[in-house]
Structures are given as structure tokens and as C-alpha cells.
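Per-entry structural report
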Amino acid sequence: MDFGQIREILSAPDNVPILGLLGGVAFFLWYGLRQARAMDRLAVQLEADPALAKTHHRKTHPHDDAWEPEVLVWPHLLKVEFLAAIIVTVLLLVWSLALNAPLEEPANPNQTMNPAKAPWYFVGLQELLVYFDPWFAGVVLPLLIVIGLMLFPYLDASPLGTGYYTLRQRKVVLVSFGAGFAIWLAAIVVGTFIRGPGWMWFWPGETWDHTRQVFEKTRDLPAALGPVPVIAFYLLAGWLIHKFVTRTELDRRIYARTSRLQYLTFQFFAITLLIGVPLKIFLRLAFRIKYVWVTPWFNL
Amino acid sequence: MKKTQLWKSVFRVKHDRTDTRTRSLAVLSNVFLHLHPTRVNRDAVRYSYTWGMGGISAYLFLVLLFTGALLMFYYHPTKFQAYRDILYLEHDVPFGRLLRNMHRWGAHLMVITVWLHMLRVVLTGAYKKPREFNWVVGVGLLVLTLLLSFTGYLLPDDQLGFWAVTVGTNMARATPLVGHEGPFGPQLGMTPFNDVRFGLLGGSVVDSNALLRAYVWHCIGIPVILLLLLGVHFWRVRKDGGISGPAPLLLDSEMKD
């Protein structure tokens with residue numbers, strides 16, 4: 001166990017924000033889901049008691065009919081904003097006093113950095129270069145992610161859960177987004193903390209050995225199969241996702257509101273990004289399979 | 001003094017009164033505050049709903065504009081000077097190191113807060129009707145934030161930035177159709193000297209032209225586009241009735257089939 005190596009990786013100035021990100025996501029996920037659970041409990045209570053549902057103010061916050069429903073922006077909102085600005089400024093000042101921004105030697109095209117890593121927010125894409133050719137990992141995949149994100153509101157046909165935290169009413173949507181976010185974060189963590197010289201896999205605590213060689217033969221699925229495995233995968237994964245999307249009574253009602261176009265678009269992005277990408281990673285790591293579809297023009 | 005013509009011409013409203021009308025006017029008649037309505041839902045000022053991440057991202061953007069403008073006084077985007085300017089900033093300019101640190105860590109913090117903002121908007125379903133398009137604008141802002149960070153990475157002209165940008169732009173070679181190593185690129189006549197990567201770098205390698213292009217995109221191009229989209233983003237929030245919640249619960253049984 002090489003603790004020096006762990007410390008070196010963790011304390012690299014540009015890696016510190018990742019720890020902040022992971023801590024922040026963990027905290028706010030807990031914070032948001034706690035409110036979601038409270039709202040879900042309220043939903044169960046009100047479904048069971050229609051009389052109460054008519055009179056209840058339908059929030060988990062404290063409520064009194066005598067209170068003004070609205071407050072003045074000055075001072076009530078501006079006070080909060082001003083406080084937030086001060087706290088962020090202080091935080092940033094302390095961070096900037098405590099930790100110096102990295103500066104390496106002058107750029108030198110003749111001396112390759114090893115490992116040469118992208119900034120941490122893009123390192124996930126770099127990690128995906130292991131599993132996909134550059135045209136896919138570097139260009140098509142980021143485009144699909146951005147387009148998929150932009151289409152997100154147009155594919156979510158349920159009016160439930162607008163403007164409040166809930167888990168039960170929006171399970172499919174939240175699981176989809178959560179899966180994508182988790183893959184992205186996992187790729188960043190692997191790319192930053194696991195990948196060492198030569199972009200080789202080093203477990204935490206393993207010394208980065210610059211002379212290490214990997215004699216690993218990758219293989220492809222037979223070219224004669226053509227697109228058959230990919231098509232078969234899309235059908236199977238689509239069927240599994242369909243099972244998940246129509247699992248409960250509420251899910252089926254939401255599904256009924258979804259148009260054919262919305263649903264097929266959702267299926268395409270879910271199969272490709274949320275199941276296809278992790279599956280290909282798994283095939284590569286577990287069975288050393290490089291390409292699942294070989295053509296004269298491109299390989300996937 | 002508050003009765004003088006000068007004072008009245010600047011502030012217009014009396015700010016020391018606590019009545020509703022004066023306080024509303026304080027927001028309405030102020031160019032910096034008129035983004036806000038005069039009143040908001042009493043639950044909307046709670047930190048628990050928004051986490052303040054959108055506002056903090058916008059504030060960090062202002063901090064970055066300010067520190068970035070100060071950095072521009074000391075920085076020349078040329079291969080000869082860029083790295084020396086960073087050394088000069090770090091060792092000779094008063095508070096230069098603090099300035100650079102704040103710009104760098106502020107940028108990283110902004111990436112984090114933008115992601116958390118997105119997470120919150122998903123968790124609360126705040127992107128739903130009628131706010132779908134504002135979410136699209138938000139995704140655009142997210143991409144621009146990442147591109148701002150990425151173009152800034154090259155500017156110190158050190159090994160870290162150089163190789164990160166080399167790795168990053170090497171992927172552009174493989175762009176389908178318009179990259180010289182991408183699918184169908186060579187068939188369409190793409191070479192290292194006319195493809196999309198050449199356009200990004202102003203050359204076939206990361207060199208002085210790439211530094212200048214990164215600088216111009218970083219300091220002018222992307223911030224201008226981002227500010228435009230930010231204006232649209234805020235304006236839409238306001239037009240859609242302020243922040244999306246906390247809204248009253250809609251029961252399953254009340255959803256129309």
C-alpha cells in the first residue's frame with residue numbers, strides 16, 4: 001500500500017475540486033431526497049383523506065392561514081442573496097489563500113506529459129476513449145449527451161412533481177437522470193484517481209509504475225455478424241426498459257400520456273447512453289472486447 | 001442631505017422607510033434589482049428549495065469577469081510572453097497570486113455549482129411546462145461554462161494546459177465528416193490542414209495561433225454569448241412567474257389521463 005501515491009493524487013490542486021464536487025453531490029442528494037420523502041409521505045396521507053386534501057395547503061412547510069402568502073423581496077429575498085454572496089466570497093478567498101493554482105513547466109511539445117489528462121470535468125470523456133474510438137467518445141457521445149439533456153423536458157410527459165421534491169411520482173425520470181449523472185461522475189473518478197501513466201489501471205494505493213507494460217490482447221465480435229449484435233442489444237435493452245417504464249399503475253398512466261415519438265426518442269437515448277455505454281465498458285473490462293461492430297468505414 | 005436635488009436625482013426613493021410601497025419601489029426603480037419582482041411566495045425564499053445554486057453560479061460568473069479583467073492587464077497571449085506573465089503575476093504583482101487563484105478556483109467552483117443547479121432543477125421537476133425551453137437555454141449555459149473553463153486551461157501555456165488541450169483537440173481529428181481521421185472524413189477531402197481541428201487551433205498543432213484563439217474565445221467570444229443566454233435565462237424565469245416552487249403537491253388521483 002503506497003500511501004504517498006494516494007496523497008499525491010488526492011492533493012494535486014486540480015483534483016481538490018473533485019472532492020468538493022463529490023461531497024456536494026452527496027450532501028445535496030441527501031438534502032433533496034429527504035424533502036422528497038417528506039412530500040411522498042404527505043401524498044400518501046392526502047390520498048387517504050380526501051377531506052383533508054381539499055383544505056390542506058399541500059406543502060411540507062409550516063403554514064398558517066393568517067400569514068401573508070407573499071413577502072417583500074426587499075428585504076426578505078435580497079437579504080438571503082446578499083448573505084449567499086458574502087459566504088461564497090469568503091469561501092473562495094480562503095480556498096485561494098490556502099491552495100495555489102497549479103503551474104507546471106513551460107509548454108514543451110517534445111516532452112509528453114504522462115499521464116496527460118484533460119481538465120477534470122472532461123476527464124470522463126477521456127476515460128471513455130478507452131472503450132470507444134475517438135469519433136464516438138470525443139464527438140458523437142458528447143453531442144448525444146447535450147442533445148439528450150436538451151430534449152429531457154420534452155420527453156417527460158407527466159405533470160406530477162412540478163415544482164416540488166418527490167421520488168415516488170417521478171421514479172422513471174429520476175432514475176434515468178440519476179443513472180446518467182452517476183456514469184458521468186464515475187468516469188471522472190476513474191479517470192482521475194485510477195488512471196496512471198499510459199492511462200493504465202492503478203488501484204488506489206498502487207504505485208504509479210512508469211515502466212509497466214500491459215500485454216493484453218483485445219478481441220472483436222466477428223465482423224461477419226455485422227450489425228446483428230448491436231440490433232439485438234437494442235431490442236433486448238428496449239424491452240427491459242419498457243418493463244421498467246410500465247412497472248406500476250402510476251407508471252402505466254404516465255406511459256399512456258407519452259406520445260409514440262416521445263417514447264421512442266426516450267428509448268433511443270436511454271438504450272444508447274444509460275445501458276449501451278456501461279455495457280460496452282463492462283465488455284471491455286471483463287472480456288477484453290474492443291469492437292462489437294466492425295465495418296470498413298468505422299468500428300464501434 | 002436627503003432633501004437635496006442631487007440625492008433625489010440619484011436614489012429617487014426614500015430607503016429608510018419600512019412601508020410596503022417604499023420597499024416595493026426600492027426594487028422596482030433600481031436597475032440592478034428590477035430583475036426581481038417586488039414580492040415572492042413566502043416559501044420561495046427558503047434555502048431548502050433552490051439551494052441557491054443558480055444565483056451562486058451567476059455571482060461566480062461576475063467574480064470571474066472581474067478577476068479575469070484584472071488578469072488581462074498582466075497577460076499577453078503570445079508564446080514568448082504568456083508563461084512569463086504568469087510567473088510575473090505569481091511573484092511580483094501585488095496580490096497577483098491571489099488573483100490567479102481566485103480566477104482558477106472560482107471557475108472550478110462555478111462548474112460544480114452549475115452541475116448542482118441542474119441536479120436541483122431535475123429533482124424538483126422545475127423544467128416542466130412552461131419552462132422547457134429555459135432548460136434548453138440552461139443546457140447551453142452549462143456547455144458554455146465548460147468551454148470557458150477549457151479555453152482558459154491553455155492560457156498559462158504550461159505543460160498541464162498544453163497537453164490537456166492537445167488531448168482534447170486531438171479528438172476533433174476524429175469528427176465524422178469534418179475531421180481527417182473521422183469516419184468519411186478522408187473521403188470528403190479532409191487533411192490535417194483543412195479539417196475542423198485546424199479551424200479550432202489555427203494550425204495543425206497547438207501553438208501560438210491556438211493560444212491566441214483560446215484567448216479571444218475565452219475573453220470575448222464565449223463570455224459575450226454566455227451573457228446573452230444568461231439574459232434570456234433570467235428573463236424567462238421572471239416571465240414564467242419567478243422560481244418554480246415550492247409548489248403545492250399534485251396528487252396522483254388528480255392527474256388527468
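See above for the structure.
A brief structural summary.

Observations regarding the packing of helix α7 (residues 171–194) of chain A against helix α6 (residues 96–123) of chain B
- Between α7 of chain A and α6 of chain B, the least distance of the axes is 10 Å, while the angle of their chain directions is 160°. By the angle between their directions, the pair α7 of chain A and α6 of chain B is classed as roughly antiparallel. Pair α7 of chain A / α6 of chain B crosses with left-handed handedness. Here Leu174, Phe177, Phe181, Trp184, Leu185 and Ile188 of chain A of α7 of chain A come into contact with α6 of chain B, specifically with Trp115, Met118, Leu119, Val122 and Leu123 of chain B.
- Of the residues contributing to the contact of α7 of chain A with α6 of chain B, the split by class is eleven nonpolar, no polar and no charged.

A word on the pattern of salt bridges
- Tallied over the full model, the rule gives 15 salt bridges over all chains.
- Of the charged contacts, one joins Glu90 of chain B and Arg97 of chain B as a salt bridge, the two residues approaching to 3.9 Å between their closest N and O atoms.
- By relative accessible area, which is 28% here, Arg97 of chain B ends up partly exposed.
- Each of Lys59 of chain A together with Asp43 and Arg46 of chain B takes part in a single network of salt bridges with overlapping partners.

As for unusual backbone geometry
Residue and element names in this part refer to chain B.
- Backbone torsion omega between Lys129 and Pro130 reads 5°, so that peptide bond is classified as cis.
- A cis amide bond links Gly245 to the next residue, Pro246, at an omega of 0°.
- With respect to the element layout, Pro246 can be found in the segment after α10 (208–239).
- Phi angles above zero are rare outside glycine, and Asp157 is one such case at about 60°.
- Its location among the elements puts Asp157 in the loop between α7 (132–154) and α8 (159–173).

A short note on the packing of aromatic side chains
- Scanning the entire structure with this criterion turns up 33 aromatic pairs over all chains.
- Look at Tyr121 of chain A and Phe122 of chain A: their rings are 5.3 Å apart centre to centre, the planes differ by 70°, and that puts the pair in the edge-to-face class. In terms of burial, Tyr121 of chain A and Phe122 of chain A fall into one category: buried.
- Here Trp135 of chain A and Phe136 of chain A contribute two aromatic rings whose centre-to-centre distance is 5.7 Å and whose plane-to-plane angle is 80°, an arrangement assigned as edge-to-face. Both residues of the pair, Trp135 of chain A and Phe136 of chain A, belong to the buried class.
- By the ring-pair criterion, three or more aromatic residues cluster together here, those being Phe27, Phe28, Trp30, Tyr31 and Tyr165 of chain A together with Tyr49 and Trp51 of chain B.
- Across from the ring centre of Phe80 of chain B, 4.2 Å away, lies the NZ or CZ of Arg84 of chain B, which sits over that ring.

Here we look at the nonpolar core
- By size, the foremost hydrophobic cluster in this structure holds 103 residues, and its most contacted members are Leu128 of chain A together with Trp115 and Trp135 of chain B.
- The leading source of residues in this core is α6 of chain B, at 16 residues.
- Non-local contacts of Leu128 of chain A, meaning those with residues more than four positions away in its chain, are made with Ala137, Leu141, Val277 and Ile281 of chain A.
- Residues Phe233, Tyr263, Phe266 and Ile271 of chain A belong to the second largest nonpolar core, which totals ten residues.

Here's the deal with the interface of chain B and chain A
- Listed by partner, the interface residues are 95 residues for chain B and 107 residues for chain A.
- Of the roughly 9500 Å² buried at the junction of chain B and chain A (both faces included), carbon and sulfur atoms supply 70%.
- Applying the counting criterion to the chain B and chain A interface returns five salt bridges.
- At the boundary of chain B and chain A, one finds 53 residue pairs in polar contact (both at pLDDT 80 or more).
- Elements supplying a minimum of two residues to the side of chain B that touches chain A: α2 (20–28), β1 (39–41), α3 (47–50), α4 (53–72), α5 (82–91), α6, α7 and α8 of chain B.
- The dominant element in the side of chain B that touches chain A, judged by the number of residues it contributes, is α6 of chain B, at 19 residues.
- When its residues are assigned to classes, the side of chain B that touches chain A shows 57 nonpolar, 19 polar and 19 charged.
- For strand β1 (residues 70–72) of chain A and β1 of chain B, the ladder comprises three bridges, and the chain directions are antiparallel. Across the sheet, the residue bridging to Val71 of chain A is Val40 of chain B, located in β1 of chain B.

Let's talk about a positive patch on the surface
- Judged by side-chain charge, Lys3, Lys8, Lys14, Arg17 and Arg21 of chain B come together as a positively charged surface patch.
- With respect to the helices and strands, Arg17 of chain B occurs in the loop between α1 (5–11) and α2.

Quick word on the side chain of Thr124 of chain B
- If you trace the backbone, Thr124 of chain B turns up in the loop between α6 and α7.
- Polar contacts involving the side chain of Thr124 of chain B include one to the main-chain carbonyl oxygen of Arg120 of chain B, which spans 2.9 Å.
- Setting aside residues no more than four positions away along its own chain, Thr124 of chain B makes contact with Gly161, Thr162, Gly163, Tyr164, Tyr165 and Arg170 of chain A together with Tyr49 of chain B.

Quick look at the packing of α6 of chain B against α7 of chain B
Residue and element names in this part refer to chain B.
- For the pair α6 and α7, the least separation of the axes is 10 Å and the interaxial angle reads 160°. In terms of their interaxial angle, α6 and α7 are classed as roughly antiparallel. By crossing handedness, the relation of α6 to α7 is classed as left-handed. Of the residues in α7, those in contact with Arg104, Ala107, Met110, Val111, Val114, Trp115, Met118, Val121 and Val122 of α6 are Trp135, Leu142, Thr145, Leu146, Ser149 and Tyr153.

Quick look at α2 of chain B
- Along α2 of chain B, the residues that are buried comprise Thr22, Ser24, Ala26 and Val27 of chain B.
- Contact partners of the buried residues in α2 of chain B: β1 and α4 (73–98) of chain A.

Focus: a nonpolar patch on the surface
- A surface patch of nonpolar side chains, about 650 Å² in accessible area, is lined by Trp297 of chain A together with Leu177, Val178, Phe184, Leu188, Val196 and Leu200 of chain B.
- Residue Val196 of chain B is classed as partly exposed on the basis of its relative accessible area of 30%.

The rules behind each value
- Residues numbered from 1 in each chain as written.
- Chains lettered and ligands numbered in written order.
- Predicted model: local features only at pLDDT ≥ 70, side-chain atom pairs only at ≥ 80, totals over all residues.
- Heavy atoms only, no water.
- Axes fitted to C-alpha atoms, helices over the stretch in contact; angles between N-to-C directions.
- Helix = DSSP H or I, 4+ residues; strand = E, 2+ residues; numbered from the N terminus.
- Parallel < 35°, antiparallel > 145°, perpendicular 65-115°, else oblique.
- Left-handed = near helix turned anticlockwise from the far one by under 90°.
- Contact = heavy atoms within 4.5 Å.
- Nonpolar A, V, L, I, M, F, W, Y, C, P; charged D, E, K, R; others polar.
- Salt bridge = Lys/Arg side-chain N within 4 Å of Asp/Glu carboxyl O.
- Buried < 20%, exposed > 50% of the residue type's maximum accessible area, 1.4 Å probe, protein only.
- Phe/Tyr/Trp six-rings, centres within 6.5 Å; stacked < 30°, edge-to-face > 60°.
- Lys NZ or Arg CZ within 6 Å of the ring centre and 35° of its normal.
- Core = buried A, V, L, I, M, F, W, Y, C linked by side-chain atoms within 4.5 Å.
- Buried area = accessible area lost by both parts, 1.4 Å probe.
- Polar contact = N/O pair within 3.5 Å; in protein donor to acceptor, adjacent residues only side chain to side chain.
- Pairing = 2+ DSSP bridges.
- Patch = residues over 30% accessible without salt bridge, like charges linked within 9 Å, V, L, I, M, F, W, Y side chains within 5 Å.
- Areas by Shrake-Rupley, 256 points an atom, 1.4 Å probe, with all protein chains shown as cover.
- Lys, Arg positive; Asp, Glu negative; His and termini not counted.
- Charge placed at Lys NZ, Arg CZ, Asp CG, Glu CD.

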